[in-house]
Amino acid sequence: MDLESMASRLGVPVEDVDRVHRLAGDRQSAPLPARADAPGILDRLAVRPDDRAEIMAGWPDSGSPLWTSELRWLLDRSIALVRADLGGHGWLSPGPVLPRGRGPAWRHLYAYAYLALVDVVTAYHRDHGVAEAVSWATLADLGRNLAIDRRMHGEGWPVMQSWLTLHARGGVYELGRLQHQRGGTAIGLHIPESGPMTPEAVTASLDEARAFFPHHFPRERYTEFSCGSWLLDPQLLEYLPEDSNIVRFQRRFELEPYEEPEGLDADVEALRFVFRTLSTPLDQLPRRTMLQRAIVDHLKAGRHWHWRRGHFPV
């Protein structure tokens, strides 16, 4: 296999192709669902009509001219790479960031990989007694992230393609308002874009997790909830009232000493989360909410947001 030639045709660094080649090896892949079944599955995954139409238009049918040999190889080996870590809960890239402007096959390659893994991960869920409703609520984060990426004009997907491997491996579960990530002795908390983060909704989600993990993963022992986010930055207290949902969420945590996180820019993450754009000038961003005004005013003042980690007992 000529990895350099393949990388050139894919338009990505050869190191990225070599990584997929090494990690996937000769491990087992998984087939995509039948084309006829795909629309129903995409509906259950909350994929919007515009994204669904693109996915169906680029479907990797046998003989499709959209799918070059290197794209088919990458799809197959990406599926195998993720499947090999079924049950894993660490950050995992499924493959290189592709030049997505080349068409639907390029734009949605990792969405096709996700679809191929739906049967794999739902079988894993069943083996652990996870309710079907929880499975589909969790996996429907695909549709949410595709919609966000569309709003961000493609700026969001490089992060999302790795984030979604957690769902495809059984590493994260959406239980009410929060997503809960397995790992170590702490349940990691994530905040999807799914409505107000009221204290009541957060408490209900935490209570659900307290029952969920001992029941479905009894060999794992969790002693605390943890979260890493710019939302835990105490500087937000300068802008938000004490009774805001974000401040009340912060109050649950004991913060760890601040350390500059490697590879994470809290300013970028705040813009991604609050405005769903990374390229709009600050002066052109909306100022409709107190949080929007806080993010913009803080950055315009030459200050920076901090990524903070915190925890509290289960």
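Our structure is the block above this text.
The structure reproduced in this document is the subject of the present report. (Residues numbered from 1 in each chain as written. Predicted model: local features only at pLDDT ≥ 70, side-chain atom pairs only at ≥ 80, totals over all residues. Heavy atoms only, no water.)

Looking at the overall build of the protein chain
Right, on to step 1. Of regular secondary structure, the protein chain possesses 14 helices and 6 strands.
Right, on to step 2. For the protein chain, whose C-alpha radius of gyration is 20 Å, the value lies close to the compact-globule estimate of 20 Å for 314 residues.
Right, on to step 3. Reported as C-alpha extents along the three principal axes, the dimensions of the protein chain are approximately 60 × 50 × 35 Å.
Right, on to step 4. Taking all 314 residues of the protein chain together, the buried fraction comes to 53%.
Right, on to step 5. Excluding contacts between residues fewer than 6 apart, the proportion of contacts in the protein chain whose partners are at least 24 apart in sequence is 70%.
Right, on to step 6. Of the roughly 14,400 Å² that the protein chain leaves accessible, carbon and sulfur atoms contribute 52%. (Helix = DSSP H or I, 4+ residues; strand = E, 2+ residues; numbered from the N terminus. Rg over C-alpha atoms; globule rule 2.2 N^0.38 Å. Buried < 20%, exposed > 50% of the residue type's maximum accessible area, 1.4 Å probe, protein only. Contact = heavy atoms within 4.5 Å. Areas by Shrake-Rupley, 256 points an atom, 1.4 Å probe, with all protein chains shown as cover.)

Focus on the packing of aromatic side chains
Right, on to step 1. A complete count under the given rule lists 14 aromatic pairs for this structure.
Right, on to step 2. Aromatic side chains Tyr-239 and Trp-305 sit 5.9 Å apart centroid to centroid with 55° between the ring planes, which places their arrangement in the tilted category. Highlighted residues: Tyr-239 in the loop between strand 4 (224-229) and helix 12 (245-250) and Trp-305 in the loop between helix 14 (290-300) and strand 6 (308-313), separated in sequence by 66 residues.
Right, on to step 3. Accessibility expressed as a relative area gives 3% for Trp-305, which makes it buried.
Right, on to step 4. Linked through ring pairs, Tyr-173, Phe-212, Phe-213, Phe-217 and Tyr-222 together constitute an aromatic cluster.
Right, on to step 5. If you follow Arg-102 out to its NZ or CZ, it ends over the ring of Trp-106, 4.5 Å from the centre.
Right, on to step 6. Over the face of the ring belonging to Phe-217 we find Arg-182, whose NZ or CZ atom lies 4.1 Å from the ring centre. (Phe/Tyr/Trp six-rings, centres within 6.5 Å; stacked < 30°, edge-to-face > 60°. Lys NZ or Arg CZ within 6 Å of the ring centre and 35° of its normal.)

Thoughts on the packing of helix 7 (residues 109-127) against helix 10 (residues 157-168)
Right, on to step 1. Where helix 7 contacts helix 10, the axes come no closer than 10 Å and their chain directions differ by 10°. Comparing the axis directions of helix 7 and helix 10 gives the class roughly parallel. Where helix 7 approaches helix 10, its residues Tyr-110, Ala-111, Tyr-114, Leu-117 and Val-121 are matched on the opposing element by Trp-157, Gln-161, Leu-164, His-167 and Ala-168.
Right, on to step 2. Looking at the contact of helix 7 with helix 10 residue by residue, the classes come out as 8 nonpolar, 2 polar and no charged. (Axes fitted to C-alpha atoms, helices over the stretch in contact; angles between N-to-C directions. Parallel < 35°, antiparallel > 145°, perpendicular 65-115°, else oblique. Nonpolar A, V, L, I, M, F, W, Y, C, P; charged D, E, K, R; others polar.)

What about the pattern of salt bridges?
Oppositely charged side chains can pair when the atoms bearing their charge come close.
Right, on to step 1. Under the counting rule described, the total for this entry stands at 24 salt bridges.
Right, on to step 2. Between Arg-107 and Glu-54 there is a salt bridge whose closest N-O contact spans 3.1 Å. Of this pair, Arg-107 sits in helix 6 (residues 104-107) while Glu-54 sits in helix 4 (residues 49-57); the two residues are 53 residues apart in sequence, bridging distant segments of the chain.
Right, on to step 3. For Glu-54, a relative accessible area of 22% corresponds to the partly exposed category.
Right, on to step 4. The salt bridge involving Arg-100 is made with Asp-149; its shortest N-O contact spans 3.1 Å. In this pair, Arg-100 sits in the loop between helix 5 (69-83) and helix 6 while Asp-149 sits in helix 9 (residues 141-151), placing the two residues 49 residues apart along the sequence. For the pair Arg-100 and Asp-149, a shared accessibility class is recorded, and that class is buried.
Right, on to step 5. Each of Arg-48, Asp-50, Asp-51, Glu-54, Arg-107 and Arg-150 takes part in salt bridges that share partners, so that together they form one network. (Salt bridge = Lys/Arg side-chain N within 4 Å of Asp/Glu carboxyl O.)

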